[in-house]
Amino acid sequence: NAGVTQTPKFRILKIGQSMTLQCAQDMNHNYMYWYRQDPGMGLKLIYYSVGAGITDKGEVPNGYNVSRSTTEDFPLRLELAAPSQTSVYFCASSYSIQGSNQPQHFGDGTRLSIL
Amino acid sequence: GQNIDQPTEMTATEGAIVQINCTYQTSGFNGLFWYQQHAGEAPTFLSYNVLDGLEEKGRFSSFLSRSKGYSYLLLKELQMKDSASYLCAVRDWIKAAGNKLTFGGGTRVLVKP
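This write-up is about the structure you can find in this document. All figures in this text were calculated on a predicted structure; none of them were measured in a lab.

What follows deals with the overall build of chain A. Each helix and strand in chain A was counted, giving 0 helices and 11 strands. Order of helices (α) and strands (β) in chain A, N terminus to C terminus: β-β-β-β-β-β-β-β-β-β-β. Projected onto its principal axes, the C-alpha positions of chain A cover 40 × 30 × 25 Å. Taking contacts inside chain A between residues at least 6 apart in sequence as the whole, the part at least 24 apart equals 55%. Of the roughly 5,500 Å² that chain A leaves accessible, carbon and sulfur atoms contribute 51%.

With that settled, consider the environment of Asp26(A). Residues and elements named next belong to chain A. In this structure, Asp26 sits in the loop between strand 3 (19–25) and strand 4 (31–37). Put simply, Asp26 and Ser93 are 67 residues apart on the chain and 9.8 Å apart in space, counted from C-alpha to C-alpha. Contact partners of Asp26, with chain neighbours within four places excluded, come to Ala2 and Gly3. Among the polar contacts made by the side chain of Asp26, one reaches the main-chain amide nitrogen of Gly3 at a distance of 3.0 Å.

This part takes up the state of the cysteines. Tallied over the entire structure, the rule returns 2 disulfides over all chains. The disulfide that involves Cys23(A) links it to Cys91(A), with 1.9 Å between the sulfurs. Here the S-S torsion is close to -70°, and the disulfide linking Cys23(A) with Cys91(A) is therefore left-handed. You can see Cys23(A) sitting in strand 3 and its partner Cys91(A) sitting in strand 9 (residues 87–94), a full 68 residues away along the chain. Both residues of the pair, Cys23(A) and Cys91(A), count as buried. Covalently, Cys22(B) is tied to Cys88(B) through a disulfide, its sulfur atoms 2.1 Å apart.

For the rest of this paragraph, the subject is the side chain of Ser71(B). Residues and elements named next belong to chain B. As for its position among the elements, Ser71 is in strand 8 (residues 70–75). One polar contact links Ser71 to Trp34, side chain to side chain, over a distance of 3.0 Å. Within the structure, Ser71 has its side chain in polar contact with the backbone oxygen of Phe63 (distance 2.8 Å). Beyond its immediate sequence surroundings of up to four residues, Ser71 is in contact with Ile20, Asn21, Cys22, Leu32, Trp34, Phe63 and Leu64.

Where strand 6 (residues 53–57) of chain B lies against strand 7 (residues 60–65) of chain B, 5 bridges are found, and the strand directions are antiparallel. Bridge pairing in strand 7 of chain B places Lys57(B) opposite Phe60(B).

What follows deals with the packing of aromatic side chains. One pass over the full model with this rule turns up 16 aromatic pairs over all chains. Where Tyr35(A) meets Phe103(B), the ring centres are 5.5 Å apart and the plane angle is 90°; that geometry is what we call edge-to-face. Of the two residues, Tyr35(A) sits in strand 4 while Phe103(B) sits in strand 10 (residues 102–103), which places them in two different chains. Note on Tyr35(A): relative accessible area 0%, which makes it buried. Measuring from ring centre to ring centre gives 6.1 Å for Tyr70(B) and Tyr72(B), while their planes differ by 55°; the resulting arrangement is tilted. In this structure Tyr72(B) comes out as buried when scored by relative accessible area, which is 16%. Following the ring pairs from residue to residue traces out a cluster consisting of Tyr33(A), Tyr35(A), Phe90(A), Phe106(A), Phe33(B), Tyr35(B), Phe45(B), Tyr48(B) and Phe103(B). Seen from the ring of Phe74(A), Arg68(A) lies directly overhead, with NZ or CZ sitting 5.9 Å from the centre.

What follows covers the sheet that holds strand 8 of chain B. Backbone-to-backbone hydrogen bonds join strands into a sheet, with any given pair of strands oriented parallel or antiparallel. Residues and elements named next belong to chain B. If you walk across this open sheet you meet the 5 strands as 1-3-8-7-6, and the pairing is antiparallel. At either margin of the open sheet sits one strand with a lone partner, and together these are strand 1 (3–5) and strand 6. Strand-to-strand twist across the sheet, computed as the mean angle between neighbouring axes with direction ignored, equals 15°. Relative to strand 8, strand 3 (residues 18–25) runs antiparallel, the two being bridged by 6 bridges. From the neighbouring strand, Ile20 faces strand 8, where its bridge partner is Leu73.

Rules used in this analysis
Residues numbered from 1 in each chain as written. Chains lettered and ligands numbered in written order. Predicted model: local features only at pLDDT ≥ 70, side-chain atom pairs only at ≥ 80, totals over all residues. Heavy atoms only, no water. Helix = DSSP H or I, 4+ residues; strand = E, 2+ residues; numbered from the N terminus. Contact = heavy atoms within 4.5 Å. Areas by Shrake-Rupley, 256 points an atom, 1.4 Å probe, with all protein chains shown as cover. Polar contact = N/O pair within 3.5 Å; in protein donor to acceptor, adjacent residues only side chain to side chain. Disulfide = S-S within 2.5 Å. Buried < 20%, exposed > 50% of the residue type's maximum accessible area, 1.4 Å probe, protein only. Pairing = 2+ DSSP bridges. Phe/Tyr/Trp six-rings, centres within 6.5 Å; stacked < 30°, edge-to-face > 60°. Lys NZ or Arg CZ within 6 Å of the ring centre and 35° of its normal. Axes fitted to C-alpha atoms, helices over the stretch in contact; angles between N-to-C directions.

Put into structure tokens, the structure is as follows:
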């Protein structure tokens, strides 16, 4: 049972570089999410998707982009990395039953440092 | 918007009981989740409440009072492995589309021998 798989696990970027954080799930979940978690803090929603071809902004979308071409994959793109984007990034997915008790399932995270 | 408050840190002794409180303000409550997160790991689902009352799952219980905007997570017979952060997350009707959650800052629980 792979669940939600994120790659890479760690990455160091220089200011101004770009990169894509990969996320894949094999649970046939329609809903997928990207969060960032700063040290000692809770999770902040960056972007989410309710299905292939549909994405929307969360609380903190500036500096990021997403795409959802398939049900399984939901990559997060950083175009011009800034030190403020140093964080741990979590991808999550859930069933598409609104108002249900279905939880979000999380990947192991990508630890990103911008220097 | 939503505002979710939890204590930052709590310390308890192995075998004891700890209660982690969570208060929230939301325009249209639609469910509350508790997650456990060990240091350096992903959050994992613990419990869900949408109606008032207590939900029990082994050593862990979660309580909800919608009228007070209040929940707590009760950890009984504490074990060293329970040392972790506990995240309270709320879903409201406005954000229900997409099953989106707003997370509190988390409560770090340290269990001492």
